[in-house]
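Each chain, letter by letter, is given below.
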Amino acid sequence: MDQDQQWLINCLNASLDPNHQIRTFAETSLQQASIQPGYGVALASVAANRELPFGLRQLAAVLLKQYIRKHWNEDEEGFEHPVVPSNEKASIRQLLLASLDDPYKKICTAVSVAVSTIAQYDWPDDWPDLVPFLLSLINDQSKLNAVHGALRCLALLTSDMDDRMAPKIVPVLFPSLHMIVSSPQIYDNFLRFKAVSIVYNCTSMVGVMSGVYKTETSALMLPMLQPWMEQFSLILKNPVPSEDPDNWSIRMEVLKCLNQFIQSFPAIVENYFEVIVGPLWQTFVSSLEVYERSSIQGIEDSHDGRYDSDGAEKSLESFVIQLFEFLLTVIGSPRFIKVVMNNVKELVYYTIGFLQITEQQVHTWSLDANQFVADEDDNTYSCRASGALLLEEIITSCGMEGIDAVIDSVRRRIRESQQAKETGSPAWWRLREATLFALASVSEQLLQAEVSGPSVRDMLEQILTDDMATGVHEYPFLYARLFTAVAKFSSLMNNQVTDHFLYTAMKTVGMDVPPPAKVGACRALSQLLPDATSGIIQLHGLDLFSALIDLLKNASDETMHLVLETLQAAIKAGHEISASIEPVISPILLNMWASHVSDPFISIDALEVLEAIKNAPGCIHPLVSRVLPFIGPILSNPQQQPDGLVAGSLDLVAMLVKNAPIDVVKAVHQVSFDPVVRIVLQSNDHSEMQNATQCLAALVSGGKQDMLAWCGDPGFTMRSLLDVASRLLDPDLESSASLFVGSYILQLILHLPSQMAQHIRDLVTALVRRMQSSQISGLKSSLLLIFARLVHMSVPHVEQFIDLLVSIPAEDHRNAFAYVMFEWTRLQGEVQGAYQIKVTTTALALLLLTRHVELGIVNVQGHLMKSASGITTRSRAKIIPDQWTVMPLPAKILGILADSLLEIQEQVEGNDEDSDWEEVQNGDGGEDDDFLYSADAASHSRPTYEYLDAMAKAFNEDDEDDYEDELLSSVDPLNEIKLVNYLTESLAKFSESDGPFFEHLFQSLTKPQQNAIKLVLRR
């Protein structure tokens, strides 16, 4: 050992010293040494030296990994000079490969990560012998440590390979991996699991490639899928063992592979799928038995929350979730669902068994109602959520057979739980609760299929009769589920039953019962109150409000959301009662809102409840008189307020003004106008500026022309409004601060048109400069809406507005018109909201109809050009950015108008079924023609106006305005436009006025776009 290496070892030892001064000095010395020649080789030598202590070697391996990331590749983000010399790189690679068979797993892992990191830069060009060396290791059965190291390395390597390497590595790697997986007598479950995970990595990459290289990837995988399917069937055929996470892990990885096989190569897998069906069913059924003992009853270890050395979860629940995910894929595929159709009732029956509350959940939820509410709302990753998704997919894919299977299985499970109850089993309620949970999870589908209504109603009424008399203290979770299940199916029940249930829920909220029962009652009230009869509210409403207020005072974050949601429903249903409770409830809500103003979820919920109070009969004036003295000082002294209070107060003001009578708007204006203007002009807080902008937009919308005189000097008010616009349109202002300037300026244009008319040129110039400096596409889209509205306001002289834009310069573009149209046509597909889409789309039609000479001069972005180099990886994207064609503006506009029609037609046709592109390419998807051919043919058999009306309705049904949309659409007459009719008339006018030019543009469209236009023009 030379002197330098001994120094390094001493330094590494010192860096582990408990003495802070010694440790800091050593770390500084190592940092300085890292830029000296030979440092990386010295670290690799220490890591590889098995005579040194484990802790020292592990530290060297970790430091080496960091050194590689910083100094290996000059093009890498985070690179620091100097770069490792080529001779040192070769030495480090050699030392690392020699360490892959290290008996210490943690060192082996660190070395594997280092190897895979280097491979990202050097393999295959500068390290061609890497994969052959790794293959030689995994093929040597006498050195299992080396197999372990090589598999770890290959797992990391294959998780980040690109489409150039996959075809080279898969044919040579898969046979070796198959040998490992098929030899349980030689290799343990962890090594076999690692081998299967590598198969999954490779198959995932090849699956991505199949989108571009379908023939090649199919040929690559064809000879390999059958032996793997057979091997996977052997792994799945034995019953799932208890308390064996390594076995669960390998099965989970097998299911991931099968999932990838089905998604990427369904035509090939279909030929071998039968071999997997029996073993899959055995795994499914036997896993329920283990799950019941381990998770539901808690008498065996389910290994929840435990992970292997690579960070992969080893729990039973994660395995079951993967099992459900695979079954979801099978049932969702037209190719494979026929295999399970004969056993769909059994599949549903066993799935319901998995939905039972586990012992851990009972323990956790009983102690923490907050967690109960959170878990009930979180449908992302749990056995119950996955099982519910599977039931939904069964009904979606199997139709009435799926519905019959659900109802039949529910009946069976209800009978079983009843028998368990009668025999005195303490856990009878779990199965009953799981059955109700299953029924509620598919409530929408069952309600749509009206034939199932009587069956569901009869079952629920029987369950209610049996279980509502059961003690709520003994079975709180069953009670909670009863409440939510009946609320889901309230439309099936007769009024007497729902009224009784509503009364029970109202009473439960105020009783001394376990928290889960109150949670269920609140959920039921949220859904039942909107449709409740006024009589029951009048009788028991005050008691309900009193109980909810008590709950609110003691609620934690998650339960607070639920109570506020219930309170909002109660206020909306309370009508006249609300006025009597306003003096009690408003101060509590205002205090809660103020204390949680920095929590976006709770503050928004509280604000929505306050809005419900505002909208209740007789409440707006007392509420406003209560809020304004509180809000005024906050807005007048914004710098002295806690974080979030100013922005939240601006939200509160905007809410009060929205749809308020003019006297309320005036009262709010007198307190808030000047302070809000100052906030926009002086604040640097983006959230405050955004909310202030929305607040001013609401004041302009509510006050209109009258607002100018409220301060005594209309000129001063107008100058203030223009000063706000000027600041928000400043091109040097960060885009986030200007986010809602579009809505604000539109209010000025709509409500103060004569005052704004004299500033149009300056406004357009500022809009263009703000757009050009904007980093947020949403801001650009909102500014485009202003241009679109100005186009409409210029009718019938749209040409003059184009002339105005042409006369204004724009950096790097011919003029402002060329720039605006470039951005507009590029971003039109990102425009959100029915009102916005109407205004921008119809404005484009107006521009096209002008036939202005400038339209023929401007070229805009066309279509994305396909890459000639295959799959676009991250590294390739840096080198070769997206490339687009260029096309004339009129052709682009006509294409956008056609796309709008196409989208609405798809809604009318109900063409929302997922299509498997590979099946269509294989000829299994029917004719290759677009659905619009058939739609076009169908349209000749019925009057065009009926079809257009259906299209218009489909578009309007999709109109779910948010607050900003509502401000605009409620006052703008353009919102009354029937988009389909408008486009049809515009296209007809265009084709009639200049047939040859229209035909020339028409030929440049895609076939679906042409068909969309044909359909409305009856061409």
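Bear in mind the structure is a predicted one, so any value in this text is a computation, not a measurement. (Residues numbered from 1 in each chain as written. Predicted model: local features only at pLDDT ≥ 70, side-chain atom pairs only at ≥ 80, totals over all residues. Heavy atoms only, no water.)

Enquirer: Quick question: what am I supposed to make of the overall build of the protein chain here?
Expert: When you go through the protein chain residue by residue, the secondary structure sums to 53 helices and two strands. At 34 Å, the protein chain has a C-alpha radius of gyration in line with the 31 Å of a compact globule built from 1019 residues. Within the protein chain, contacts between residues separated by at least 24 positions form 75% of all contacts whose residues are at least 6 apart in sequence. For the protein chain, the exposed surface amounts to about 44200 Å²; the carbon and sulfur share of it is 50%. Positive and negative charge centroids in the protein chain, built from 72 and 130 side chains respectively, lie 2 Å apart. (Helix = DSSP H or I, 4+ residues; strand = E, 2+ residues; numbered from the N terminus. Rg over C-alpha atoms; globule rule 2.2 N^0.38 Å. Contact = heavy atoms within 4.5 Å. Areas by Shrake-Rupley, 256 points an atom, 1.4 Å probe, with all protein chains shown as cover. Lys, Arg positive; Asp, Glu negative; His and termini not counted. Charge placed at Lys NZ, Arg CZ, Asp CG, Glu CD.)

Enquirer: I'm lost on the packing of aromatic side chains in this one. Help?
Expert: Aromatic rings considered in pairs are described by the distance between their centres and by the relative angle of their planes. Evaluated as defined, the whole model comprises 26 aromatic pairs. With 5.6 Å between their ring centres and 50° between their planes, Tyr291 and Phe354 make a pair best called tilted. Of this pair, Tyr291 sits in helix α14 (residues 274-296) while Phe354 sits in helix α17 (residues 344-354), and the two are 63 residues apart along the sequence. With a relative accessible area of 2%, Tyr291 lands in the buried category. When its relative accessible area of 0% is taken as the criterion, Phe354 is described as buried. Among the aromatic side chains, those forming a connected cluster through ring pairs are Trp281, Phe284, Tyr291, Phe324, Tyr349, Tyr350 and Phe354. Directly above the aromatic system of Phe437 lies the positively charged group of Arg384, at a separation of 4.1 Å from the ring centroid. Positioned above the aromatic ring of Tyr349 is the side chain of Arg413, whose terminal nitrogen or guanidinium carbon lies 3.7 Å from the ring centre. (Phe/Tyr/Trp six-rings, centres within 6.5 Å; stacked < 30°, edge-to-face > 60°. Buried < 20%, exposed > 50% of the residue type's maximum accessible area, 1.4 Å probe, protein only. Lys NZ or Arg CZ within 6 Å of the ring centre and 35° of its normal.)

Enquirer: Explanation requested: unusual backbone geometry in the structure shown.
Expert: Glycine aside, negative phi is the norm for most residues, and most peptide bonds take the trans geometry. Cis geometry is adopted by the peptide bond preceding Pro82, which originates at His81 and carries an omega value of 5°. By the secondary structure assignment, Pro82 is in the loop between α4 (54-71) and α5 (86-98). Within the chain, Glu243 stands out as a residue other than glycine whose phi angle is a positive 50°. Within the element layout of this structure, Glu243 appears in the loop between α11 (214-237) and α12 (245-264). Here Glu243 falls in the partly exposed class, since its relative accessible area comes to 43%. The phi torsion at Arg851 lies on the positive side, around 55°, for a residue other than glycine.

Enquirer: What should I look at first to understand a negative patch on the surface in this one?
Expert: A grouping of Asp368, Asp375, Asp378, Asp557 and Glu558 is seen on the molecular surface, where their side chains present a negatively charged patch. Residue class for Asp368 comes out partly exposed when judged on its relative accessible area of 31%. (Patch = residues over 30% accessible without salt bridge, like charges linked within 9 Å, V, L, I, M, F, W, Y side chains within 5 Å. Salt bridge = Lys/Arg side-chain N within 4 Å of Asp/Glu carboxyl O.)

Enquirer: Looking at this model, I keep getting lost on helix α37 (residues 741-751). Mind explaining?
Expert: What sets the pattern is the α-helix's 3.6 residues per turn: residues three or four places apart point alike. In terms of residue burial, α37 counts as a mostly covered element, since eleven of its eleven residues are buried. Restricting attention to buried positions, one finds in α37 the residues Val741, Gly742, Ser743, Tyr744, Ile745, Leu746, Gln747, Leu748, Ile749, Leu750 and His751.

Enquirer: Would you mind showing me how to read the packing of helix α32 (residues 620-636) against helix α33 (residues 645-657) here?
Expert: Any two packed helices are characterised by how steeply their axes cross, that is the angle between the axes, and by the distance between the axes. Where α32 contacts α33, the two axes come as close as 10 Å, and the packing angle between them is 145°. Once α32 is placed against α33, the crossing between them reads as left-handed. Where α32 abuts α33, its residues Leu623, Val624, Val627, Ile631, Ile634 and Leu635 lie against Leu645, Val646, Ser649, Leu650, Leu652, Val653 and Leu656. Here the contact of α32 with α33 is built from residues that sort into twelve nonpolar, one polar and no charged. (Axes fitted to C-alpha atoms, helices over the stretch in contact; angles between N-to-C directions. Left-handed = near helix turned anticlockwise from the far one by under 90°. Nonpolar A, V, L, I, M, F, W, Y, C, P; charged D, E, K, R; others polar.)

Enquirer: Would you explain the side chain of Ser578 in this entry?
Expert: Position of Ser578 relative to the elements: it lies in helix α30 (residues 576-595). A polar contact of 3.1 Å, which involves the side chain of Ser578, links it to the backbone oxygen of Ile571. Leaving out residues up to four positions away in the same chain, Ser578 has contacts with Ile571, Ala616 and Cys619. (Polar contact = N/O pair within 3.5 Å; in protein donor to acceptor, adjacent residues only side chain to side chain.)

Enquirer: I'm lost on the packing of helix α8 (residues 144-158) against helix α9 (residues 166-181) in this one. Help?
Expert: For the pair α8 and α9, interaxial distance at closest approach is 13 Å and the crossing angle is 140°. Considered as vectors, α8 and α9 are oriented oblique to each other. Helix-helix and strand crossings are classified by hand; for α8 and α9 the assignment is left-handed. Residues Val147, Leu151, Leu154 and Thr158 of α8 lie in contact with α9, whose contacting residues are Ile169, Leu173, Leu177 and Ile180. (Parallel < 35°, antiparallel > 145°, perpendicular 65-115°, else oblique.)

Enquirer: Just to check I follow, could you spell out the side chain of Arg93 for this structure?
Expert: In this structure, Arg93 sits in helix α5. Residue classification places Arg93 among the buried residues on the basis of a relative accessible area of 13%. For Arg93, the contacting residues outside a window of four places in its chain are Trp72, Ile118, Asp122, Asp126 and Trp127.

Enquirer: Help me understand the environment of Val254, please; the structure alone is not making it clear to me.
Expert: Topologically, Val254 is positioned in helix α12. A relative accessible area of 0% means that Val254 is categorised as buried. Spatially, the C-alpha atoms of Val254 and Gln907 are 39 Å apart, while their sequence positions differ by 653 residues. If sequence neighbours within four positions are ignored, Val254 has contacts with Val196, Phe232, Ile235 and Leu236.

Enquirer: Explain the pattern of salt bridges to me, please; I cannot follow it from the model alone.
Expert: Pairs may arise between side chains of opposite charge once their charged atoms sit close together. The full count for this structure, using the stated rule, is 26 salt bridges. Of the charged contacts in the structure, one is a salt bridge between Asp467 and Lys421, with a shortest N-O distance of 3.7 Å. One end of the pair, Asp467, is in helix α24 (residues 453-467); the other, Lys421, is in helix α21 (residues 400-422), and 46 residues separate them in sequence. Take Lys421: its relative accessible area is 25%, and that puts it in the partly exposed class. Here Arg851 ties to Asp994 by a salt bridge, and the two come within 2.2 Å at their closest N and O atoms. Taken together, the residues Arg851 in the loop between α43 (834-850) and α44 (853-857) and Asp994 in the loop between α51 (979-993) and α52 (995-1003) connect sequence positions 143 residues apart.

Enquirer: I would appreciate a short explanation of the environment of Asn975 in the present structure.
Expert: For Asn975, the location among the structural elements is in the loop between α50 (963-969) and α51. In sequence terms Asn975 and Gln418 are 557 residues apart; their C-alpha atoms lie 57 Å from each other.

Enquirer: Explain the confidence of the model for the protein chain here, please?
Expert: It should be kept in mind that the predicted coordinates are not to be read in detail where pLDDT is low. Chain-level pLDDT for the protein chain is 87 on average; 91% of the residues reach the 70-or-more range. Within the protein chain, helix α47 (residues 917-921) has the poorest average pLDDT of any element, 32, and α17 the best, 97. Every residue in residues 957-961 scores below 50 in pLDDT, and together they form four contacts with partners more than four places removed in sequence or on other chains. (pLDDT = per-residue confidence, 0-100.)

Enquirer: Is there a simple way to think about the state of the cysteines in this case?
Expert: Working definition: the covalent bond between the sulfur atoms of two cysteines is a disulfide. Enumeration over the complete set of coordinates arrives at zero disulfides. No disulfide involves Cys108; its nearest neighbouring cysteine sulfur is the one of Cys153, lying 8.6 Å away. By relative accessible area, Cys108 is classed as buried at 0%. (Disulfide = S-S within 2.5 Å.)

Enquirer: Would you mind going over the environment of Ile403 with me for this structure?
Expert: Summarising the element assignment, Ile403 is placed in helix α21. Taking the relative accessible area as the measure of exposure, Ile403 reaches 4% and is therefore buried. Placed 46 residues apart in sequence, Ile403 and Ala449 show a C-alpha to C-alpha distance of 8.4 Å.

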